[in-house]
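# Working through the structure, step by step
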Amino acid sequence: MRGRLHWLIFIGMLAGVLLGLILSRMGATPAQQRTIAVLDLFGQTLFIGALKMIVAPLIFFSILSAITSLASAGRIWNLGGKTLVYYLATTSVAVAIGLILVLTIRPGHTARRDEIRQHWQEQKVTLQQRYGEQEEKIAQAERQGALELLRRNLERVIMNPFASLAENQSLGIIFFAIVLGIAIVAVGPAAQPVVPVIGAINAAIMKLTGWIMAGSPFFILCLIASLVGSLGAGVFETLLWYVLTVLLGIAAHVAVLLGLCRVLGNCSPLRFLRGIRQAWMVAFATRSSAATLPVTIHCVQDNLEVSPTTAKFVLPLGATINMDGTALYEGVAVLFLIQLFGGMPGAEITLSPVLTMVIFLTAVLASIGAAAVPDAGLVTMVLVAQAVGLSVEYIPMIFAVDALLDMFRTSTNVLGDSVGSVIIDRWTRNRKQPSTREP
Ligand code: ASP
């Protein structure tokens, strides 16, 4: 069953697209709305709900177990330092790729640019009505300002651990797990009895993941069908080049990551892709790196033979702060909007190398700050827009295709974390002897 699961998930995805297309052709009838509500009950409420149920304890016990098994401050710094350097470097490469492509392809200079600019006010009202929820999230982010955002982020790191677990605040969970783990190591033999207990709880949570994943082909079918069914036709017309630019950027970045996997991780791209295909598909359908985390850990440990210590430390941290796909998208999206609306009120911006650098840096930061949940990248994009003086009232222009792009950026985020675990495992020499076993 386990060996066939990825095929069943793939079939579920295809069936989901098909059912979604049928639903979108039905138009917004009561029957279509009811079907979508039932699909959401299975996909969102049951499946994503179950994955979210285990993600907070998993992050906590994974990191705690990794830190306690490292057992020396030097090894903890070694692993932590290398992980951060790797993540920062690959995120920067992702943003650079996106910026080069958007400046070359110039998707904002579409043939319909003048028409869009002329009718923007009407379009904005319609888009805001249709995507009210995202609009509200963006308005909230805008009200906060940069300093307030920093203060709020710090509050999310240093906080009551029970509150962070209850609210799924990954940064707070990670921080507490790291300091508690260091304290357990510092206490020495008196604290040693808890170490195997932490490992055992971790193993039990991974067992739960396996059970949830057994139903994933059906749940993924529901998720995809509901999304495709509610997308609606015609949204891609004006945004086609923008979508293509993001997708091309993502494809180029994935090629870079696979190259790094080969050269620095000594793992062939084919073997790597086969090893993580299940996590990739779950990320694509759930649009949440956090919800995918249990599956990602399972894939790299069992299929790619990354050592448990590395996987349990590098992947939860990566799901929280390493978002290559999101970073790439944020840079492209803001430059696209400047190309499309530049010169209009609230977008009086002249592109210069300095401004491009500002977009580069803020896109890296915004991706680090983005939560590993659906639509998060769209919200933190406000930070990038504000840094260059682009009014957030232009962001609704890209709402319509955001869910689609979120699927690609989330799966790239997970791919980036997984490549990171393979490479860092090799760097820190925790890796077992390379095996010839295919996943
Ligand atoms: N959905 C993405 C993730 O979970 C974040 C984003 O919206 O870009 O990784």
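Above this note sits the structure.
Quick caveat: nothing in here was measured; it's all calculated off a predicted structure.

Core analysis: the largest hydrophobic core is formed by 132 residues, its most contacted members being Tyr242, Phe272, Phe341, Leu390, Ile395 and Ile398. Of the residues forming this core, the biggest block, 16 residues, is contributed by helix α2 (residues 30–70). Core analysis: the second largest hydrophobic core is formed by five residues, Leu23, Ile36, Leu39 and Ala225 among them.

Looking now at the site of the ligand. Around the ligand lies a shell of 16 residues, among which Ser289, Thr326, Gly377, Asp406 and Arg409 are the nearest. For the ligand, the protein covers 100% of the area, taking 270 Å² as the surface of the free molecule. Where the shell around the ligand is concerned, the elements lending two or more residues are α17 (376–387) and α18 (402–427). Counting residues per element, the shell around the ligand draws most heavily on α18, at four residues. Of the residues belonging to the shell around the ligand, the class tally is six nonpolar, six polar and four charged.

Before going further, it helps to spend a moment on α2. Along an α-helix, residues three or four positions apart point the same way, because every turn accommodates 3.6 residues. Look at α2: 57 Å from first C-alpha to last across 41 residues, which is about the 60 Å you get at 1.5 Å a residue. The largest bend in α2 comes to about 35°, at aspartate 40. Backbone geometry just after α2 places alanine 71 at a positive phi near 60°.

Rules of the game
- Residues numbered from 1 in each chain as written.
- Predicted model: local features only at pLDDT ≥ 70, side-chain atom pairs only at ≥ 80, totals over all residues.
- Heavy atoms only, no water.
- Core = buried A, V, L, I, M, F, W, Y, C linked by side-chain atoms within 4.5 Å.
- Buried < 20%, exposed > 50% of the residue type's maximum accessible area, 1.4 Å probe, protein only.
- Helix = DSSP H or I, 4+ residues; strand = E, 2+ residues; numbered from the N terminus.
- Near = heavy atom within 4 Å.
- Areas by Shrake-Rupley, 256 points an atom, 1.4 Å probe, with all protein chains shown as cover.
- Nonpolar A, V, L, I, M, F, W, Y, C, P; charged D, E, K, R; others polar.
- Expected span 1.5 Å × (residues − 1).
- Bend = angle between axes of the 7 residues up to and from the residue.

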